[in-house]
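The primary structure of each chain is shown beneath.
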Amino acid sequence: MNIGSIGYTGYAGYTAKYIASQASSKSSFSEAVTKSESAAKTGKVTESAVDSYKKKHPEDAAHVDSQVKAGKKVLEQNGVTDVSREDMTMEEYKQFFTALMDSIPFDASHKGDVEIWSITEKGWEQMKNDPEYEAWVLGYTSQNRAVYNPFASWPGYSPSVCTEKFGDSIEQHIGQTVPMSSGSSKKTGSSEEESWWVKRHKRLKEILEQQEKKAREREALNRNAMEKALLQEQMASNARLKLFLTNGVMGDEETAFQTGHISAVVSTYESVMDLFSNQVTGGKI
């Protein structure tokens, strides 16, 4: 095991001298030395999950280092860089780390999104004893939440549910994002689930069709009313013409012309004349 440029033997000697000269040093440091000595005796030397990943994936080393740096910035912003994790119980550490995660803000474009994160028990152990891996988890979360989502302002955009699962290595991390309302081809029987945008488009089309139908109905009513008014005007005009031709009084609301009116007057006159003639010829006058 190498720490910086010195080997484990040199490191153990250095720490022994340091403990002897600094009797009041933090228990976290002495416990770390004890762990290192114990690991050396058993032949098991712990390695940071970050270093392990970078050895397997050297092409990602720069990106991983930037995530670790971002995580350490989160610690600095919360003023807990020198807080000893080894003095904490696991339950205390979980509360401590959860508070750090809660302090990381989201970009405004993630408004409405829901993030659910979880860590395996081995993951908790690894973070508690591996500051670099702890910083990586914090840094990954910080960078992920800071990403600007350009689609958030688009019409019909649906917020998402994000799940982040962490284990005891970077390789075990799984992140997934699923829209709360999907317009995908998910089927229920023979009908497809429709997105909010598709439903809105159909609703708008229905409204336009209803408005067009009402406009046609109003136009038909107006046309019928105009035709009725024109017919009434024609009837009134004909009545006035007939009244004029039969010497009726112009402007009378009642129709003066009656069929057979003149012939009836003439018939009465002729009857009176016949009666008068009969009386004369009969010698009664």
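Now for a look at the structure at hand.

Conventions we followed
Residues numbered from 1 in each chain as written. Predicted model: local features only at pLDDT ≥ 70, side-chain atom pairs only at ≥ 80, totals over all residues. Heavy atoms only, no water. Axes fitted to C-alpha atoms, helices over the stretch in contact; angles between N-to-C directions. Helix = DSSP H or I, 4+ residues; strand = E, 2+ residues; numbered from the N terminus. Parallel < 35°, antiparallel > 145°, perpendicular 65-115°, else oblique. Contact = heavy atoms within 4.5 Å. Salt bridge = Lys/Arg side-chain N within 4 Å of Asp/Glu carboxyl O. Buried < 20%, exposed > 50% of the residue type's maximum accessible area, 1.4 Å probe, protein only. Pairing = 2+ DSSP bridges.

**Thoughts on the packing of helix α6 (residues 121-129) against helix α7 (residues 131-145)**
Right, on to step 1. As a packed pair, α6 and α7 sit with axes 5 Å apart at the nearest point and diverge in direction by 115 degrees. Classified by the angle their axes make, α6 and α7 are roughly perpendicular. In contact with G123, Q126, M127 and N129 of α6, α7 contributes P131, Y133, E134 and V137.

**What to know about the pattern of salt bridges**
Right, on to step 1. Tallied over the entire structure, the rule returns nine salt bridges.
Right, on to step 2. For E132, the salt bridge is made with K72, and the minimal N-O distance between the two is 3.0 Å. With E132 in helix α7 and K72 in helix α4 (residues 61-78), the pair connects residues that are 60 residues apart, well separated along the chain.
Right, on to step 3. Residue classification places E132 among the partly exposed positions, given a relative accessible area of 28%.
Right, on to step 4. A residue is classified by how much of its surface remains accessible, and K72, at 37% relative accessible area, is partly exposed.
Right, on to step 5. With a closest N to O distance of 3.0 Å, K94 and E121 form a salt bridge. In this pair, K94 is assigned in helix α5 (residues 90-102) and E121 in helix α6, connecting sequence segments 27 residues apart.

**A short note on the pairing of strand β4 (residues 160-166)**
Right, on to step 1. Because side chains alternate across β4, one face comprises the buried residues S160, C162, E164 and F166, and the other comprises V161, T163 and K165, none of which is buried.
Right, on to step 2. Alignment of strand β3 (residues 114-119) against β4, held across six bridges, turns out to be parallel. Across the sheet, residue I116 finds its bridge partner in β4, namely T163.
Right, on to step 3. The sheet contact formed by β4 and strand β5 (residues 174-179) spans six bridges and is antiparallel. When the sheet's bridge partners are listed, K165 is paired in β5 with I174.

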